[in-house]
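Residues per chain are reported as follows:
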Amino acid sequence: MLASGKVEGLGDAIARYAQIEVAEYQRNYAWGNAQIDELFEDLVGTAETGQRHFVGTLILQDTEDEKHCAVVDGQQRLTTLFMLASRLRDEATALPSAVLDPVRPGGRPRDVLSQIEDFIYASHDSADSRFKTNPMLRTMFEEHVHASPRDRRPMPRSGISLTLALRRGYYRLQKLVREDLEYRATDAERLQRIATLFDALRNNLLVLCISTSALAESLEVFMTLNNRGLPLGPADIVRGTVLQHITKDLPEAQAQDEHVTLLQQWEDLNREVGTAAVDQYLRHYLVSTSPEKVQKKAVPTMVERRIADDDPLVARANALAFWQDLCDEASVYGDLLTPAMGGDTEYHLQVLATLADSYRVMALAALSDNVAIASEDRAELVRLCNVLTVRWFMAGRNAQELETRFQEVAVALRDSHHAAAAVQALRGLATFDFDAQTYMRERGSGVAQPRAILHGIERALAQRVGEDVVPFDPKKLFIEQVAPERVTPAWRAEVFGPDGEEYDGYQAIVTAVGNKTLVTSRHTKTKDTPFAEKRARFATAKPLITRDLADVPEWAHFTIEMRNAWLAEMFGLIWSVDPRTDRVEPFVAWAQANMRRGARAR
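First, a word on what this report is: a plain description of the structure on this page. (Residues numbered from 1 in each chain as written. Predicted model: local features only at pLDDT ≥ 70, side-chain atom pairs only at ≥ 80, totals over all residues. Heavy atoms only, no water.)

A word on the pattern of salt bridges
- Applying the stated criterion across every chain, the model contains 34 salt bridges.
- A salt bridge links Glu8 to Arg16; its shortest N-O distance comes to 2.9 Å.
- For Glu8, a relative accessible area of 7% puts it in the buried group.
- Where Arg178 meets Glu91, a salt bridge forms, and the shortest distance between an N and an O atom there is 3.0 Å. With Arg178 in helix α6 (residues 164-181) and Glu91 in helix α3 (residues 75-93), the pair connects residues that are 87 residues apart, well separated along the chain.
- Each of Arg87, Arg89, Asp90, Glu91, Arg152 and Arg178 takes part in one network of salt bridges that share partners. (Salt bridge = Lys/Arg side-chain N within 4 Å of Asp/Glu carboxyl O. Buried < 20%, exposed > 50% of the residue type's maximum accessible area, 1.4 Å probe, protein only. Helix = DSSP H or I, 4+ residues; strand = E, 2+ residues; numbered from the N terminus.)

Structure below.
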């Protein structure tokens, strides 16, 4: 059979097959947060607008009966979409009812759970899932993703490196789906939202599905589609749109001059922000200068709307103005990516760059030469971006919602040039209560956020005593767990005392931020050594926050919990709309003062 293909909804494309299998020769699942977030954003967008959205190509090699096929291209997307469908199924299963009432009187109720399971499984009387991921991941996928949530074990957090991307992808999708559903007030609203997202996944996500009967033919199609140079991105389309409007109806010689000038400016822009970040800059620029929501793939359409006019001369003027402003602010965006302006602003931007990217929407406006505000106001706005971002993510709030809030303040600042109003708005957004100590104890298992917190305290301590601050450089500043992640009998006894064998909570305790400190070089060979030996090494450490630990007599579970409390208190002094860094003190001094106060109280 010769290759045949058509653009159709994902549901129609997969419904033809009882089994879609990723062959052994395919590479492992490799999607990260960026690709998963973009796909989920596309899904949410089409769910809200009802418009169909093209997500890519599937190349499938049919078997003889044409009910089974092998995936030649598209396995990353298919794996993610089937994981997403399973997450929607799981959330529907957890509700008291998975049946929606009829839309109109006399109509039939809708069994949402059954419809999702019809997508996941090809047959009602079989638990054999329709999609089979590559053999390296198949068992994990079947047991922890496709299996019914009523009788399966949770997806493991740790395991061999081959499964890392899948495990991370699973928990990323879980987070995205739950964040989307948490804004629905009732179970009925949550079920309706699940149904809406599933309908969008099944009907609104379009794929170009190409099927062949021979592997050689499949690979030829694949190579043809993927070997025509780098694919066009939004930035390339925007550049073409601007050039088209600028040169429309110009004499050939003048159009050629304009073309040369624009391409030179384009090269300059790429140097400012870095070629890899141009698409991201375009989107952040549009978000920072417009109240509209902006999806990455909608960037060219939004630019066209800004420029277009029935009068070609007006459209040309619009294009020139847009292009000039875009080129001007590229240098500001470059400063956000690699800050080198010195002072507190450089520090705050360095920290923010390791945590998220939504702050750039606000910082782009705060530092823009097109916004006429004082330099001290610019610095305060950047500081508040840091305060808000760190607090927001520590509290577990939604990342997209943070970008929306930054967008509102940025657009208002650009319109009014009123710095005081922007400062007040960010102060208001950053003023909310959450339990910082619970974060230190239970949710500080990563690297970026704990490093930002520890270094912020380190910086305040060093400035207070007049020492040089250890630079915030993620390539040279590392997190070390005092009690190591790998439990040993000696460390179990150190943490829990002589009867340490009776306790099984070691892992939960040692992942707390209170068990972490900063080092300027990795100590892989000595990371498991006893605390007495670590204390000797800590005594000569560059960071004050680590040197201080040399005076801690023992590293027991209550020491870690006490340090969690210290970190929470110091965090509140530093990451505040009204910081009190003059009250920041080392852990040992703080602990001794607290013990004295406790003794007096008794």
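Continuing now.
A look at the nonpolar core
- Formed by 109 residues in total, the largest nonpolar core has its most connected members in Met362 and Ile457.
- For Met362, the residues in contact, after removing those within four places along its chain, are Leu381, Cys385, Phe406, Val409, Ala410, Leu413 and Leu426. (Core = buried A, V, L, I, M, F, W, Y, C linked by side-chain atoms within 4.5 Å. Contact = heavy atoms within 4.5 Å.)

A few points about the state of the cysteines
- On inspection of all chains with the given rule, the structure shows 0 disulfides.
- The cysteine Cys209 is free of any disulfide, with Cys69 supplying the nearest cysteine sulfur at 7.6 Å.
- Assessed through its relative accessible area of 2%, Cys209 is described here as buried. (Disulfide = S-S within 2.5 Å.)

Some words on the side chain of Arg378
- Turning to its location among the elements, Arg378 is positioned in helix α16 (residues 375-394).
- For the buried Arg378, no salt bridge exists, and the shortest N-O distance to an oppositely charged side chain is 4.9 Å, to Asp369.
- Separated by 2.8 Å, the side chain of Arg378 and the backbone oxygen of Val371 make a polar contact. (Lys, Arg positive; Asp, Glu negative; His and termini not counted. Polar contact = N/O pair within 3.5 Å; in protein donor to acceptor, adjacent residues only side chain to side chain.)

Brief notes about the packing of helix α14 (residues 343-353) against α16
- Packing of α14 against α16 brings their axes to within 9 Å, and their N-to-C directions diverge by 30°. Here α14 lies roughly parallel to α16, going by the angle between them. Pair α14 / α16 crosses with left-handed handedness. Seen from α14, the contacting residues are Thr345, His348, Leu349, Val351 and Leu352; seen from α16, they are Ala379, Val382, Arg383, Cys385, Asn386 and Thr389.
- Among the residues making up the contact of α14 with α16, the classes are represented as 6 nonpolar, 4 polar and 1 charged. (Axes fitted to C-alpha atoms, helices over the stretch in contact; angles between N-to-C directions. Parallel < 35°, antiparallel > 145°, perpendicular 65-115°, else oblique. Left-handed = near helix turned anticlockwise from the far one by under 90°. Nonpolar A, V, L, I, M, F, W, Y, C, P; charged D, E, K, R; others polar.)

Notes on the environment of Ala532
- For Ala532, the position within the fold is in helix α23 (residues 531-538).
- On the basis of relative accessibility, which here comes to 60%, the residue Ala532 falls in the exposed class.
- In this structure the C-alpha to C-alpha distance between Ala532 and Lys296, which are 236 residues apart in sequence, comes to 53 Å.

Some details on the side chain of Asn515
- Mapping Asn515 onto the fold places it in the loop between α22 (506-510) and β10 (516-519).
- Taking the relative accessible area as the measure of exposure, Asn515 reaches 0% and is therefore buried.
- Looking at Asn515, its side chain comes within polar contact range of the main-chain nitrogen of Ala483, at 2.9 Å.
- Those residues within four positions of Asn515 in sequence are excluded, and the remaining contacts are Glu480, Gln481, Val482, Ala483, Ile509, Val510, Trp555, Ile560 and Arg563.

Here we look at the pairing of strand β3 (residues 53-62)
- Counting buried residues in β3 gives 9 out of 10 residues, a clear majority hidden from the surface.
- Summarising the sheet, β3 and strand β8 (residues 205-212) pair through 8 bridges and their orientation is parallel. Counted as the bridge partner of Gln61 is Thr212 from β8.
- For β3 and strand β4 (residues 68-73), the ladder comprises 4 bridges, and the chain directions are antiparallel. Opposite Gln61, over in β4, you have Ala70 as the bridge partner. (Pairing = 2+ DSSP bridges.)

Here's the deal with helix α19 (residues 436-443)
- Listing the buried residues of α19 in full gives Ala436, Thr438, Tyr439 and Met440.
- Buried-residue contacts for α19 involve α16, α20 (448-465) and α25 (557-574).
- In this structure Asp435 caps α19, since a side-chain oxygen of it lies 3.1 Å from the backbone nitrogen of Gln437.

Keep in mind these numbers describe shape, not what the thing actually does.
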